[in-house]
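# Fold and contact review
As a plain string of letters, each chain reads:
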Amino acid sequence: MAIINFGGTQEEVITRKEFTLDKAKKVLANETIAVLGYGIQGPGQALNLKDNGFNVIVGQRKNSQSWENAKRDGWVENETLFDIEEASSRGTVLMNLLSDAGQIAAWEQIEPHLTAGKSLYFSHGFGVTFHSQTGIIPPKEIDVFLAAPKGSGTSLRRLFLEGKGLNSSYAVFQDATGKAKEKALAIGIGIGSGYLFETTFEKEVYSDLTGERGVLMGAIAGIFEAQYEVLRSKGHTPSEAFNETVEELTQSLMPLVAENGMDWMFANCSTTAQRGALDWKNKFKNANKPVLEDLYESVATGNEAAITINANSQPDYRKKLTEELTELRNSELWQTGLEVRKLRP
């Protein structure tokens, strides 16, 4: 365990040096890890664990695209690929990586197989934290823990294949055996985490829902649209508006932030850009902080969970989602982006 000073606050983190892959494999040597769900997180985590030498099977609803995707990735029907109930029966560590809505729908299939001595794993605190709405209440005689990669399953797999890793949080909700933390860390290392930092199920879901709706996805998408529309309304061409809004940020500036921080990015821009950015930064902060406060409150009260559960449970949810994403894709902003990406050397 390493003690790191993050901006003046000390925090314990787990790295691959303190908790090696060999140690992780010893912790889980006698376990059958059943990855339930092969959608967003399932493929990356299952394949990384398999490649790292763990005993892994996959549980997925038959006659679905995800079932076909699992077969394409090398999982063999009735050997390493089963329906959800059969995989839940065979597994000793059940990794519940179904979507939040999928977890609610499949809970009656999974729960009977959560017998004493087994473990239940999540990569999101949603189902357990909002149990009054989801109905997901784990039996008391099992270990319940999570490891949550800070990124998509696609990124987790890509970085793993590059010899890198996504940072992950970990948490223990229930420790029936006295080994829940050790198992959480072992799987966190096994899936290819860069380092692991401790949280709780509640804090994980509060930060995750706030981040997704805020800076990571919702806010950035909204501010992209706002700036693009302002530039277009002032007579700038689509190419110019897109390059000044999206392309320069994603291809030039954000890599500098990722490399050495925001100050490094500022230092590597013109003095005119530096002055303007520093002058306007707090205006954007002051305008957006109240919105983010409202967002966090909506998450913490369970309102966002209720909205999500209600929307995802509608029979036409997928159809409406496709329509919304199609509208986004077909907007001038992202159609311009499509053409700009084709022009990249």
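In this text, all values refer to a predicted model and were calculated from it rather than measured experimentally.

## Focus: the pattern of salt bridges
In the structure shown here, the tally under the stated rule is 16 salt bridges. A salt bridge links Arg232 to Glu332; the shortest N-O distance between them is 2.6 Å. Here Glu332 lies in helix 17 (residues 332-342) and Arg232 lies in helix 11 (residues 218-233), a separation of 100 residues in the sequence. Residue classification places Arg232 among the partly exposed positions, given a relative accessible area of 29%. Here Asp279 ties to Arg275 by a salt bridge, and the two come within 2.9 Å at their closest N and O atoms. Separated by four residues within a single helix, Asp279 and Arg275 lie in helix 14 (residues 271-300), roughly one turn from each other. The exposure class of Asp279 is partly exposed, given its relative accessible area of 42%.

## Concerning the packing of helix 11 against helix 17
Relative orientation of the contacting elements helix 11 and helix 17 amounts to 90°, with a least axis distance of 10 Å. The pairing of helix 11 with helix 17 is recorded here as roughly perpendicular in orientation. Listed contacts from helix 17 to Phe224, Glu225, Tyr228 and Arg232 of helix 11 are Glu332, Leu333, Trp334 and Thr336. Residues of the contact of helix 11 with helix 17, tallied by class, amount to four nonpolar, one polar and three charged.

## Remarks on the sheet that holds strand 3 (residues 33-36)
Strands sit in the order 1-2-10-9-8-7-6-3-4-5 across an open sheet of 10 strands; the sheet is mixed. Strands at the two margins of the open sheet, each flanked by one partner only, are strand 1 (2-6) and strand 5 (81-82). Two elements, strand 1 and strand 2 (residues 9-15), share five bridges in a ladder whose sense is antiparallel. If you follow Phe6 over to strand 2, its bridge partner there is Thr9. Sheet strands touched by helix 2 (residues 42-51): strand 3, strand 4 (56-59), strand 6 (93-96), strand 7 (119-122) and strand 8 (143-149). Its angle to strand 4, the strand with the most contacts, is close to 160°.

## A look at the UniProt feature "domain: KARI N-terminal Rossmann" (unreviewed entry) in the protein chain
Under the UniProt annotation, the feature "domain: KARI N-terminal Rossmann" (unreviewed entry) is placed at residues 11-199. With 38% helix and 24% strand, residues 11-199 has its two end C-alpha atoms placed 11 Å apart.

## Quick notes on the packing of helix 12 (residues 238-260) against helix 17
One way to put it is that helix 12 packs onto helix 17 with a least axis distance of 10 Å and a crossing angle of 85°. The angle between the axes of helix 12 and helix 17 places the two elements in the roughly perpendicular class. Contacts from Pro238, Ser239, Phe242, Asn243, Val246 and Glu247 in helix 12 reach Glu332, Leu333, Trp334, Thr336, Gly337 and Val340 in helix 17. Each residue belonging to the contact of helix 12 with helix 17 can be placed in one class, and the counts come to six nonpolar, four polar and two charged.

## Side note on the pairing of strand 7
Alternating residues of strand 7 divide into Ser119 and Tyr121 and Leu120 and Phe122, and every residue in both groups is buried. In this sheet, strand 7 lies alongside strand 6 in parallel orientation, the contact comprising four bridges. Of the residues in strand 7, the one forming a bridge with Asn96 is Phe122. What joins strand 6 to strand 7 is helix 5 (residues 100-110), and the crossover it makes is right-handed. Pairing geometry for strand 7 and strand 8, over four bridges, is parallel. For Ser119, the partnering residue across the bridge sits in strand 8 and is Asp143.

So, how was this worked out
- Residues numbered from 1 in each chain as written.
- Predicted model: local features only at pLDDT ≥ 70, side-chain atom pairs only at ≥ 80, totals over all residues.
- Heavy atoms only, no water.
- Salt bridge = Lys/Arg side-chain N within 4 Å of Asp/Glu carboxyl O.
- Helix = DSSP H or I, 4+ residues; strand = E, 2+ residues; numbered from the N terminus.
- Buried < 20%, exposed > 50% of the residue type's maximum accessible area, 1.4 Å probe, protein only.
- Axes fitted to C-alpha atoms, helices over the stretch in contact; angles between N-to-C directions.
- Parallel < 35°, antiparallel > 145°, perpendicular 65-115°, else oblique.
- Contact = heavy atoms within 4.5 Å.
- Nonpolar A, V, L, I, M, F, W, Y, C, P; charged D, E, K, R; others polar.
- Pairing = 2+ DSSP bridges.
- UniProt positions renumbered as here; feature names shortened; annotations may be inferred.
- Right-handed = clockwise from strand over helix to strand, strands pointing away.

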